[in-house]
Amino acid sequence: MRILLSVLAVLLLGGVGVLAFCNYRWQTRTADQVARVNGATAGLPTAAYSAAEIDGLPAPVQRYFRAVLRDGQPIVRRARLKQEGDFLIKPKENVWGPFTATQTVGVKPAGFVWDARIRMAPGIAVRVRDSFVDGRGYMHASLLATVPLVAVEGTPGIAAGALQRYLAEAVWYPTALLPSQGVAWSAIDGSSARATLSLAGVKVSLDFRFGNDGLMQSIYAADRPRNVDGRDVPTPWRGRCFEYQERGGMRIPVRCEVEWILPEGPQAYWRGRITEVSYE
């Protein structure tokens, strides 16, 4: 019995050691990407928003900037956000898992690292790292940071999807949507406009719809890449945001949800809330 207990103890310690090593490796790779995003914006001169910059933009876009920015607002170079919410883990059964995440964002050049933990069951979590770094997209998911579940990087589809994500989420750091930050706006109608952003050979567009108060209501992509059995399938996608609050002198939505618009109907897969945000 003593020998058996000793063997079990050794196996347990070995398992703990493996988990610790895998977690350390995950954190190291995440930290490397974060450092690259931050480094890309290091040394940029400080700048401030001038209301004159939005002259000539489509009317709903002008109303949006007037609603969320004040003249002289410092231009965001980097942002760090903390999030919590629910993620769809079993689409067929409509089973959701709670998540927490930290996101680091760099502006001009665009880049981000989303590092999340999604709880699958008590004591069991999937680590997810979704990122756009140096013009390349990455998507990695691992059970307990040990067993790889998804590993996609460097493909045209993952790069386009990641840059679309950056552009959609710029409502959390809205100076990034200004023309001076590389975004081109074109009119659609009296309440919506198209934003286009190009970087490292990747060009994406999203349609923004605004309310009567000037605030963004929804964001739409007709053909966002969706991974289906290892293939990128262009699929309509929509994001919606609610509950605007002031953060860093800007008005941003602190509650959002996103969904794929499938032939059988919309399928939400992310519902989250910004719990903390800081800007540089």
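Higher on the page you've got the structure.
Note that this is a predicted model, so its numbers are computed, not measured. (Residues numbered from 1 in each chain as written. Predicted model: local features only at pLDDT ≥ 70, side-chain atom pairs only at ≥ 80, totals over all residues. Heavy atoms only, no water.)

**Student:** So what exactly am I meant to see when it comes to the pattern of salt bridges here?
**Tutor:** Under the defined criterion, the tally for this structure stands at 15 salt bridges. Salt-bridge contacts for Glu169 lead to Arg165; the nearest nitrogen and oxygen are separated by 2.9 Å. Placement of both Glu169 and Arg165 in helix α3 (residues 156-169) is noted, with a separation of four residues, approximately one turn of the helix. Residue Glu169 is classed as buried on the basis of its relative accessible area of 12%. For the salt bridge of Glu257 with Arg271, the shortest nitrogen-to-oxygen distance reads 4.0 Å. Within this pair, whereas Glu257 is found in strand β12 (residues 250-262), its partner Arg271 is found in strand β13 (residues 265-279), the two being separated by 14 residues in sequence. Each member of the salt-bridge network shares a partner with another, and the members are Arg238, Arg240, Glu257, Glu259 and Arg271. (Salt bridge = Lys/Arg side-chain N within 4 Å of Asp/Glu carboxyl O. Helix = DSSP H or I, 4+ residues; strand = E, 2+ residues; numbered from the N terminus. Buried < 20%, exposed > 50% of the residue type's maximum accessible area, 1.4 Å probe, protein only.)

**Student:** Which parts of the structure should I look at to understand the environment of Gln83?
**Tutor:** Along the chain, the position of Gln83 falls in strand β1 (residues 78-90). Each C-alpha atom, one on Gln83 and one on Arg271, is 10.0 Å from the other, the two residues being 188 residues apart in sequence. For Gln83, the residues in contact, after removing those within four places along its chain, are Phe99, Thr100, Ala101, Gln103, Trp114, Trp172, Trp270, Arg273, Ile274 and Thr275. (Contact = heavy atoms within 4.5 Å.)

**Student:** Can you help me understand the state of the cysteines in this one?
**Tutor:** Enumeration according to the criterion identifies one disulfide in this entry. What pairs with Cys241 in a disulfide is Cys256, and their sulfur atoms sit 2.3 Å apart. Linking Cys241 and Cys256, the disulfide has an S-S dihedral of approximately 105° and is accordingly described as right-handed. Within this pair, whereas Cys241 is found in strand β11 (residues 231-247), its partner Cys256 is found in strand β12, the two being separated by 15 residues in sequence. Accessibility classification places Cys241 together with Cys256 in one group, the buried group. (Disulfide = S-S within 2.5 Å.)

**Student:** It is not clear to me how a nonpolar patch on the surface should be interpreted in this structure. Could you clarify?
**Tutor:** A cluster of nonpolar side chains, Met120, Ile124 and Leu144, forms an exposed patch at the surface whose accessible area comes to about 230 Å². Position of Ile124 among the secondary structure elements: in strand β4 (residues 124-133). For Ile124, a relative accessible area of 36% puts it in the partly exposed group. (Patch = residues over 30% accessible without salt bridge, like charges linked within 9 Å, V, L, I, M, F, W, Y side chains within 5 Å. Areas by Shrake-Rupley, 256 points an atom, 1.4 Å probe, with all protein chains shown as cover.)

**Student:** For this particular structure, what's the right way to read the layout of surface pockets?
**Tutor:** Any empty space left between atoms is shown by rolling a water-sized probe over those atoms. Within this model, the largest pocket holds a volume of roughly 1,400 Å³. Contributing to the lining of the largest pocket are 44 residues, with Phe87, Met139, Asn227, Trp260 and Tyr269 lying nearest its centre. Per-element accounting of the lining of the largest pocket gives the leading share, seven residues, to α3. By residue class, the composition of the lining of the largest pocket is 30 nonpolar, five polar and nine charged. (1 Å grid on protein atoms, 1.4 Å probe; cavity = no way out; pocket = protein on both sides within 12 Å on 5 of 7 lines; lining within 4 Å. Points joined across faces, edges and corners; volume = space filled by probe spheres on them. Nonpolar A, V, L, I, M, F, W, Y, C, P; charged D, E, K, R; others polar.)

**Student:** Can you help me understand the packing of aromatic side chains in this one?
**Tutor:** Per the stated rule, a full pass over the model turns up eleven aromatic pairs. Centroid distance Tyr64 to Phe210: 5.4 Å. Interplanar angle 40°. Geometry classified as tilted. One end of the pair, Tyr64, is in helix α2 (residues 59-68); the other, Phe210, is in strand β9 (residues 202-210), and 146 residues separate them in sequence. By relative accessible area, which is 1% here, Tyr64 ends up buried. Relative to Tyr173, the ring of Tyr166 lies with its centre 5.7 Å away and its plane at 45°, an arrangement referred to as tilted. In this pair, the class of Tyr166 matches that of Tyr173, namely buried. (Phe/Tyr/Trp six-rings, centres within 6.5 Å; stacked < 30°, edge-to-face > 60°.)

**Student:** What am I meant to see in the environment of Phe99 here?
**Tutor:** Along the polypeptide, Phe99 turns up in strand β2 (residues 95-106). A relative accessible area of 2% means that Phe99 is categorised as buried. Separated by 172 residues in sequence, Phe99 and Arg271 have C-alpha atoms that sit 9.6 Å apart. Among residues more than four places away in sequence, those in contact with Phe99 are Gln83, Glu84, Gly85, Asp86, Phe87, Trp114, Arg117, Ile118, Trp270, Arg271 and Gly272.

**Student:** It is not clear to me how α3 should be interpreted in this structure. Could you clarify?
**Tutor:** The α-helix advances 3.6 residues per turn, and as a result positions three or four apart in sequence lie on the same side. Over its 14 residues, α3 runs 20 Å from end to end, which matches the ideal 20 Å to within 8%, given 1.5 Å per residue. The element α3 is extensively covered by neighbouring structure, given that 13 of its 14 residues are classed as buried. (Expected span 1.5 Å × (residues − 1).)

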